[in-house]
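# Observations on chain architecture
Letter by letter, the chains look like this.
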Amino acid sequence: MTREALYERLNAVFQDVFDDEDITVNDATTSADIEDWDSLEHINLVSAVEKEFGVKFTMGQVVTMKNVGEMVDIILAAIG
Amino acid sequence: MRELEYPFDSEYILKKAKSIKKALLADGSNRMPKKIAVLGGSTTHDIIKVLELFLLHYGIEPSFYESEYAQYWQDAMFDNEELLAFAPDIIYIHTSNRNIVEYPVAADSAADVEDLLDKSYEHFRVMWDKLRETYHCPVIQNNFEYPYYRLLGNKEASDIHGRISFLNRLNEKFYGYARENANFYINDIQYLSACYGLDRWGDPFYWHMYKYALCLPAIPDLSFNVANIIKSIYGKNKKALVLDLDNTLWGGIVGDDGVENLEIGQETSMGQVFSEFQTYIKQQKDIGIMLNVSSKNEEENALAGLQHPDGTLKPEDFVIIKANWEPKSKNVADIATELNIMQDALVFVDDNPAEREIIRTGLNGVAVPEIGSPEQYIRVLDRSGYFEVTNLSEDDKNRSDMYKANLERKKQQESFGDYKEYLKSLEMQGTIKPFEPMYMARIAQLTNKSNQFNLTTKRYTQAEIEQAAADDSVITLYGKLEDKFGDNGVVSVVIGHKEENALHMDLWLMSCRVLKRDMEFAMMDTLVAACKAAGITEIKGYYYPTAKNKMVEKFYELQGFALESADEQGNTVWRYPIPENYENKNQVIMVNA
């Protein structure tokens with residue numbers, strides 16, 4: 001999957017979880033950029049992303065991800 | 001909402017929670033507001049979020065109090081002004097094996113383990129007692145799920161030092177408390193986690209990352225289970241099944257294949273599946289679910305199928321059997337009318353997806369499970385929680401017989417020209433007395449279930465009913481009615497409180513199963529007598545209109561009350577100065593004989 005195609009699906013997940021159709025994310029997006037993205041919603045987000053791409057993040061990955069770009073790197077590495 | 005019916009897509013619910021909530025709130029339905037305190041021993045955020053959805057789906061609009069992280073015990077035990085001000089209707093205690101502070105260790109003696117068990121139990125028991133004294137409301141308590149690892153392997157279950165042994169024994173103590181205390185309900189997460197798969201349920205990722213005691217995707221299963229208990233407490237269980245016959249209760253089509261070729265009984269695998277299903281349905285009847293049939297068949301063939309020697313269900317197990325060629329939507333609607341229950345109290349079970357769709361779209365509120373293939377029928381019906389049992393009263397066990405007796409009465413009524421003669425022929429015997437301990441559960445159940453013949457639609461928990469009964473300034477009456485066809489059980493409830501020399505009616509309700517039997521007049525006669533004995537000279541009646549109680553709009557007028565005031569919402573206040581020489585209105589029921 002290309003990075004662009006992945007982002008298209010990822011945007012849809014963000015839009016669902018935060019119930020806001022205007023959200024688009026990029027490599028530099030962090031929780032500070034999305035109003036409802038607090039530690040509690042983060043759980044749902046991670047879970048929904050895992051489901052969407054059929055991947056499972058390890059604890060180590062979840063705690064060290066700095067921005068959306070790093071999440072995308074991990075997904076791409078997992079699904080090729 | 002389809003998305004919230006079992007079997008649901010948990011990932012979808014979690015992901016779409018916000019938009020599902022919006023859609024539910026925008027559907028214009030009228031919901032019962034309830035205040036729910038969730039006292040957690042671990043994170044509860046998403047549990048509450050999803051619980052809200054299921055409750056909205058069940059017609060309950062919840063507001064929540066959520067304890068600070070893992071503060072369940074402190075919140076319950078110490079002065080808590082916020083919780084007191086919140087005044088919960090229900091308290092849910094979400095604890096798990098992560099909240100066990102101390103387990104037995106290998107060096108412990110049997111007496112040490114026993115002490116530890118008592119200590120662990122007491123920690124919870126004192127909290128439950130405290131909550132009961134302070135809040136007088138139902139409490140829902142998780143039992144303990146198994147840990148995700150076994151230090152002693154298989155020995156964990158039998159050795160007193162094993163955690164599995166310890167948790168099982170602790171759970172048994174919880175159940176003992178539940179047996180001894182009304183209004184205390186176990187939320188069985190041991191069963192839930194087993195169904196879900198313990199490895200996934202107990203995934204330590206979610207504990208160490210977020211302090212969730214279960215994995216996130218299992219939360220809808222947990223919240224659904226809690227919602228089922230809550231809706232059952234508030235009388236929102238279903239009451240009756242409407243079952244198809246061909247390929248639902250047996251394999252094959254009786255009209256085409258003939259009775260002798262139906263698959264039912266122990267001869268074939270499919271026959272066994274249908275036998276097990278029939279046995280399950282028969283057990284539903286034993287706990288008070290009314291069984292009915294809607295089948296496209298000649299009646300003769302339908303009855304022949306139900307007489308199959310290997311079948312567990314027989315024609316007499318059903319209250320109403322509709323076997324004809326009318327559309328099922330008509331038959332199902334007629335069944336609701338004849339049973340005198342709302343359509344939304346029915347569950348429609350049919351193997352044919354087209355019939356299911358007709359009922360789902362054509363009839364308001366009838367539950368229509370996607371029952372899957374025959375070997376899945378039991379699981380789907382069972383897990384859907386339609387008939388979640390919170391109180392099993394004697395009435396529940398006899399319900400089918402009571403409704404059948406009602407249909408017999410109707411037949412007899414048709415053979416009488418004069419209605420009063422008919423009523424006399426029923427040889428009715430009433431018991432009308434202040435609330436008594438053995439009926440508290442049934443009385444509370446009635447206040448939550450009765451919608452039509454209900455003047456104020458005030459809902460009471462069992463604890464509130466018990467408080468009313470113990471209060472000297474409150475007059476309470478329950479009415480029980482028997483006749484020659486059977487015992488209807490407790491069917492009417494009246495509660496009023498004294499202010500100076502007037503009695504203000506907080507509640508007056510009657511079950512529709514005894515409409516037009518003059519029971520309401522017998523209640524009035526006894527109420528007047530009780531007022532006179534208490535020195536009360538006037539009764540004040542209140543009628544608050546709802547979508548369902550139009551039938552009692554003029555009730556107080558009929559009883560001889562005078563209208564005192566009315567507001568623009570249609571709320572009316574009535575007064576009845578008790579005459580010196582009150583004449584009893586009821587002449588057909590022998591009361592307290």
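Thresholds, definitions, all that
- By convention here, each chain's residues receive numbers from 1 onward along its written sequence.
- Labels follow written order: the first chain is A, the first ligand is 1, and so on.
- Note on the predicted model: pLDDT of at least 70 is required for a residue's local features to be given, and 80 or more for side-chain atom pairs to be given and counted; whole-chain, interface and lining totals, by contrast, use all residues.
- Strands are runs of DSSP state E lasting at least 2 residues, helices are runs of H or I lasting at least 4, and numbering of each runs from the N terminus.
- With C-alpha atoms as the basis for the radius of gyration, the globule rule is written as 2.2 Å multiplied by the number of residues raised to the power 0.38.
- Our exposure labels follow a C-beta count within 10 Å of each residue's own C-beta, placed from the backbone: buried means 20 or more other C-beta atoms, exposed means 12 or fewer, and partly exposed covers the counts in between.
- Our contact criterion uses C-beta atoms placed from the backbone: two residues qualify when those atoms are within 7 Å.
- Inter-axis angles, ranging from 0 to 180 degrees, are taken between N-to-C directions of lines fitted to C-alpha atoms, where helices are fitted over the stretch in contact.
- Reported orientations rely on four angle classes, namely roughly parallel under 35 degrees, roughly antiparallel over 145, roughly perpendicular from 65 to 115, and oblique for the rest.
- Crossing handedness is read from the near helix: turned anticlockwise from the far helix by less than a right angle, it gives a left-handed crossing, and turned clockwise, a right-handed one.
- Side-chain classes follow a simple rule in which Ala, Val, Leu, Ile, Met, Phe, Trp, Tyr, Cys and Pro form the nonpolar group, Asp, Glu, Lys and Arg form the charged group, and the remainder, Gly included, forms the polar group.
- These domain limits were set by an automatic method or by a database of domain assignments.
- Any two strands with at least two DSSP-identified bridges between them are counted as paired.
- We call a crossover right-handed when, viewed with the strands running away from us, the connection from the first strand over the helix to the second turns clockwise.
- Joining buried Ala, Val, Leu, Ile, Met, Phe, Trp, Tyr and Cys residues through C-beta atoms within 7 Å gives a set, and that set is a nonpolar core.
- Between the first and last residue of a helix there are one fewer steps than residues, each counted as 1.5 Å, and that sum is the expected span.
- This arc is built from the directions going out from the helix axis to the C-beta atoms.

## Remarks on the overall build of chain B
Looking only at helices and strands, chain B has 23 helices and 17 strands in total. Taking 593 residues into account, the globule formula puts the C-alpha radius of gyration at 25 Å, and chain B, at 26 Å, falls close to it. C-alpha atoms of chain B, sized along the principal axes, occupy 80 × 70 × 50 Å. Looking at chain B as a whole, 43% of its 593 residues are labelled buried. Across chain B, contacts joining residues at least 24 apart in sequence account for 72% of those joining residues at least 6 apart.

## Digging into the overall build of chain A
What chain A contains, in helices and strands, is four helices and zero strands. Secondary structure elements of chain A occur, N-terminal to C-terminal, as α-α-α-α. For chain A, the C-alpha radius of gyration of 12 Å lies close to 12 Å, the compact-globule estimate for 80 residues. Across the 80 residues that make up chain A, the buried fraction comes to 22%. Once local pairs closer than 6 in sequence are excluded, the contacts in chain A between residues at least 24 apart make up 55%.

## Re the interface of chain A and chain B
With eleven residues of chain A at the contact, the number on the chain B side is 14 residues. At the level of secondary structure, the elements contributing two or more residues to the side of chain A that touches chain B comprise helix H1 (3-17), helix H2 (39-53) and helix H3 (59-64) of chain A.

## Notes on the packing of helix H20 (residues 440-449) of chain B against helix H21 (residues 462-470) of chain B
Residue and element names in this part refer to chain B. The contact between H20 and H21 brings their axes to 9 Å, and the two run at 115°. What the angle tells us is that H20 and H21 run roughly perpendicular. When the axes of H20 and H21 are compared, the crossing they make is right-handed. Across the interface between the two elements, Met 440, Ala 441, Ile 443 and Ala 444 from H20 touch Gln 462, Ile 465 and Glu 466 from H21. Per-class residue counts for the contact of H20 with H21 are five nonpolar, one polar and one charged.

## A look at the domain arrangement of chain B
Residue and element names in this part refer to chain B. The assigned domain composition of chain B is domain 1 (2-233), domain 2 (240-383) and domain 3 (409-591). One C-alpha centre belongs to domain 1, the other to domain 3, and the line joining them spans 39 Å. Facing six residues of domain 1, the contacting portion of domain 3 comprises seven residues. Taken together, the residues of the side of domain 1 that touches domain 3 sort by class into three nonpolar, three polar and no charged.

## What about the environment of B:Cys215?
Topologically, B:Cys215 is positioned in the loop between helix H10 (204-210) and helix H11 (219-233). Sequence-distant contacts of B:Cys215, defined by excluding residues within four places in its chain, comprise B:Arg200, B:Trp201, B:Asp203 and B:Tyr206.

## Observations concerning the pairing of strand S4 (residues 139-142) of chain B
Residue and element names in this part refer to chain B. Residue alternation in S4 divides its side chains into two sets, Val 139 and Gln 141 and Ile 140 and Asn 142, and both sets are buried. Two elements, strand S3 (residues 90-94) and S4, share three bridges in a ladder whose sense is parallel. In the sheet register, Tyr 92 faces S4, and the bridge partner there is Ile 140. This β-α-β element, S3 to helix H6 (residues 110-135) to S4, shows right-handed connectivity. Relative to strand S5 (residues 184-187), S4 runs parallel, the two being bridged by four bridges. Bridge assignment links Ile 140 to a residue of S5, and that residue is Tyr 185. As for the winding sense of the linkage, the β-α-β connection from S4 through helix H7 (residues 163-180) to S5 is right-handed.

## Observations regarding the sheet that holds strand S8 (residues 320-324) of chain B
Residues and elements named next belong to chain B. Taken together, four strands build an open sheet; the order of strands is S8-S7-S6-S9 and the sheet is parallel. Pairing within the sheet leaves two strands with one partner each, and these edge strands are S8 and strand S9 (346-349). Neighbour to neighbour, the strand axes of the sheet diverge by 15° on average, direction disregarded. In this structure, strand S6 (residues 240-243) lies alongside strand S7 (residues 290-296), joined through four bridges in parallel fashion. For Leu 241, the partnering residue across the bridge sits in S7 and is Leu 291. In the packing of helix H14 (residues 299-306) onto the sheet, contacts are made with S7 and S8, and the angle to S8 comes to roughly 130°.

## Observations concerning the packing of H1(A) against helix H4 (residues 68-79) of chain A
Residue and element names in this part refer to chain A. Following both chains from N to C, one finds H1 and H4 inclined at 115°, their axes separated by 11 Å at the closest point. Considered as vectors, H1 and H4 are oriented roughly perpendicular to each other. Note that H1 runs across H4; the crossing there is right-handed. Along its contact with H1, which presents Arg 3, Leu 6 and Leu 10, the element H4 presents Val 72, Ile 75 and Leu 76. Residue composition of the contact of H1 with H4, grouped by class: five nonpolar, no polar and one charged.

## Things to note about the pairing of strand S15 (residues 562-566) of chain B
Residue and element names in this part refer to chain B. Within S15, only zero of the five residues are buried, leaving the element largely exposed. In terms of strand pairing, S15 meets strand S16 (residues 572-577) through four bridges, oriented antiparallel. Opposite Ser 565, over in S16, you have Val 573 as the bridge partner. Hairpin geometry of S15 and S16 is characterised by an intervening segment of five residues between the two adjacent antiparallel strands and by a positive phi of about 90° at Gly 570.

## Let's talk about the environment of B:Tyr234
All names here are of chain B. Tracing the backbone through its elements, the reader meets Tyr 234 in the loop between H11 and S6. Linking Tyr 234 and Ile 60, residues 174 residues apart in sequence, is a C-alpha distance of 9.0 Å. Every residue in contact with Tyr 234, bar those within four places of it in the chain, is listed here: Met 32, Ile 60, Asn 448 and Arg 459.

## Some details on the nonpolar core
Membership of the largest hydrophobic core comes to 68 residues, with the highest contact counts inside it found for B:Ile91, B:Leu214 and B:Ile230. Grouped together as the second largest cluster of nonpolar side chains are 47 residues, B:Leu446, B:Val494, B:Ile495 and B:Leu509 included.

## Description of the sheet that holds S15(B)
Two strands in a sheet stick together by hydrogen bonds in their backbones, pointing the same way (parallel) or opposite ways (antiparallel). Residues and elements named next belong to chain B. Read from one edge to the other, the open sheet built from eight strands follows the order S15-S16-S14-S13-S12-S11-S10-S17, with strand pairing classed as mixed. If you trace the sheet from one side to the other, it starts and ends with S15 and strand S17 (589-591), each paired once. When the angles between neighbouring strand axes are averaged without regard to direction, this sheet yields 25°. Pairing between strand S11 (residues 474-483) and strand S12 (residues 486-499): nine bridges, direction antiparallel.

## Quick notes on H4(A)
Residues and elements named next belong to chain A. For H4, spanning twelve residues, the distance from its first C-alpha to its last is 17 Å, which sits close to the expected 16 Å at 1.5 Å a residue. Along H4, the residues that are buried comprise Val 68, Met 71, Val 72 and Ile 75. Relative to the axis of H4, the buried residues are bounded by an arc of 100° and lie together on one face. Those residues of H4 that are buried lie in contact with H1 and H2. Following H4 by one or two positions, Gly 80 has its phi on the positive side, about 75°.

## Things to note about unusual backbone geometry
All names here are of chain B. In this structure, Pro 7 follows Tyr 6 across a cis peptide bond, with omega equal to -5°. On the secondary structure map, Pro 7 appears in the segment before helix H1 (10-15). A positive phi angle is found at Lys 211, which is not glycine, with a value near 60°. Its 15 C-beta neighbours within 10 Å are what place Lys 211 among the partly exposed residues. Positive phi outside glycine occurs at Glu 500, with the angle close to 50°. Along the polypeptide, Glu 500 turns up in the loop between S12 and strand S13 (502-510). We classify Glu 500 as exposed; it has 7 C-beta atoms within 10 Å.

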